[in-house]
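Observations on the three-dimensional arrangement
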Amino acid sequence: DAKTTQPNSMESNEEEPVHLPCNHSTISGTDYIHWYRQLPSQGPEYVIHGLTSNVNNRMASLAIAEDRKSSTLILHRATLRDAAVYYCILRDSGNTGKLIFGQGTTLQVKP
Amino acid sequence: IAGITQAPTSQILAAGRRMTLRCTQDMRHNAMYWYRQDLGLGLRLIHYSNTAGTTGKGEVPDGYSVSRANTDDFPLTLASAVPSQTSVYFCASSVSWDSFYGYTFGSGTRLTVV
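Residues numbered from 1 in each chain as written. Chains lettered and ligands numbered in written order. Predicted model: local features only at pLDDT ≥ 70, side-chain atom pairs only at ≥ 80, totals over all residues. Heavy atoms only, no water.

**Digging into a nonpolar patch on the surface**
Nonpolar side chains collect at one region of the surface, where Val95(B), Phe100(B) and Tyr101(B) lie side by side and expose about 250 Å² of accessible area between them. The residue Val95(B) is located in the loop between β9 (87–94) and β10 (103–105) in this model. (Patch = residues over 30% accessible without salt bridge, like charges linked within 9 Å, V, L, I, M, F, W, Y side chains within 5 Å. Areas by Shrake-Rupley, 256 points an atom, 1.4 Å probe, with all protein chains shown as cover. Salt bridge = Lys/Arg side-chain N within 4 Å of Asp/Glu carboxyl O. Helix = DSSP H or I, 4+ residues; strand = E, 2+ residues; numbered from the N terminus.)

What follows is the structure, encoded as structure tokens:
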């Protein structure tokens, strides 16, 4: 499975946008980029995923670099409830598609 | 509400005892997974099942077994619990094993082996 690199932690102010980066320089053409988050004392929660084009949903936006070697999860207006660990994961469509979690980015949101 | 139900929510277990963690989903998802989460080690895949009747080993399968007799249920069994199996266990499911689909996770079972 190709690896991802994320900052260990980030801080944001409430109601400001947050850009969470992820590097995946060894990504293959069949890897989907998935993002999950885990709020304190809860199970992981699906956020968004994409292959090549930028994606938007009610939770966030995913911006994928043209060469696909990096991506950015964008929370448009951070709230205190967005404080969580955010995981960027490459999921290979060629194998059994298992999600292999890294250490993620711990996002702290300040009021 | 559709989703994944895990039971029990927490358990204290004597070492050497047998324990089955239950996981049931009502979304008719084909693929199911078991993860454990330990402080400093993150989430690690124990076993998975791409469809009813099939199972496979993840990153840390030793000491655990699974079965998938039907689509909805994916129990995880510890045949003889050891203290190193103290962890939070999460069950997850997905429409299929294909990477296009996201996972849905349960709320977890906190297991302490003493």
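**A closer look at the sheet that holds strand β8 (residues 76–78) of chain B**
Residues and elements named next belong to chain B. What the four strands build is an open sheet, ordered β1-β3-β8-β7; its pairing is antiparallel. On the outer flanks of this sheet lie β1 (4–7) and β7 (64–66), each paired with one strand and no other. For this sheet, the mean angle separating the axes of adjacent strands, direction not counted, is 20 degrees. The pairing of strand β3 (residues 19–25) with β8 spans three bridges and is classified as antiparallel. Its bridge partner lying in β8, leucine 21 is registered against leucine 76. (Pairing = 2+ DSSP bridges. Axes fitted to C-alpha atoms, helices over the stretch in contact; angles between N-to-C directions.)

**Regarding the nonpolar core**
Counting residues in hydrophobic clusters, the biggest one holds 21 residues, and the most contacted among them are Leu20(A), Ile33(A), Trp35(A), Leu73(A), Leu75(A), Tyr86(A) and Leu107(A). Among the elements of the structure, β2 (18–23), β3 (31–38), β4 (45–50), β6 (61–64), β7 (70–75), β8 (84–92) and β9 (105–110) of chain A are those that each provide at least two residues to this core. Once residues within four sequence positions are removed from consideration, Leu75(A) is found in contact with Glu16(A), Pro17(A), Val18(A), Met59(A), Ala60(A), Asp82(A), Tyr86(A) and Leu107(A). Core analysis: the next-biggest nonpolar cluster, separate from the first, contains 18 residues, Met19(B), Leu76(B), Leu78(B) and Val113(B) among them. (Core = buried A, V, L, I, M, F, W, Y, C linked by side-chain atoms within 4.5 Å. Buried < 20%, exposed > 50% of the residue type's maximum accessible area, 1.4 Å probe, protein only. Contact = heavy atoms within 4.5 Å.)

**Description of the environment of Tyr33(B)**
Residues and elements named next belong to chain B. Its place among the elements puts tyrosine 33 in strand β4 (residues 31–38). On the basis of relative accessibility, which here comes to 0%, the residue tyrosine 33 falls in the buried class. Sequence separation between tyrosine 33 and phenylalanine 105 is 72 residues; the distance between their C-alpha atoms is 9.0 Å. Within the local environment of tyrosine 33, its side chain forms a polar contact with the side chain of tyrosine 103, the two groups lying 3.4 Å apart. (Polar contact = N/O pair within 3.5 Å; in protein donor to acceptor, adjacent residues only side chain to side chain.)

**Describing the pairing of β4(A)**
Residue and element names in this part refer to chain A. When β3 meets β4, the two strands line up antiparallel, connected through five bridges. Following the sheet pairing, tyrosine 36 is matched in β4 by tyrosine 46. Adjacent in sequence and paired antiparallel, β3 and β4 are bridged by six residues, among which serine 41 carries a positive phi angle near 60 degrees.

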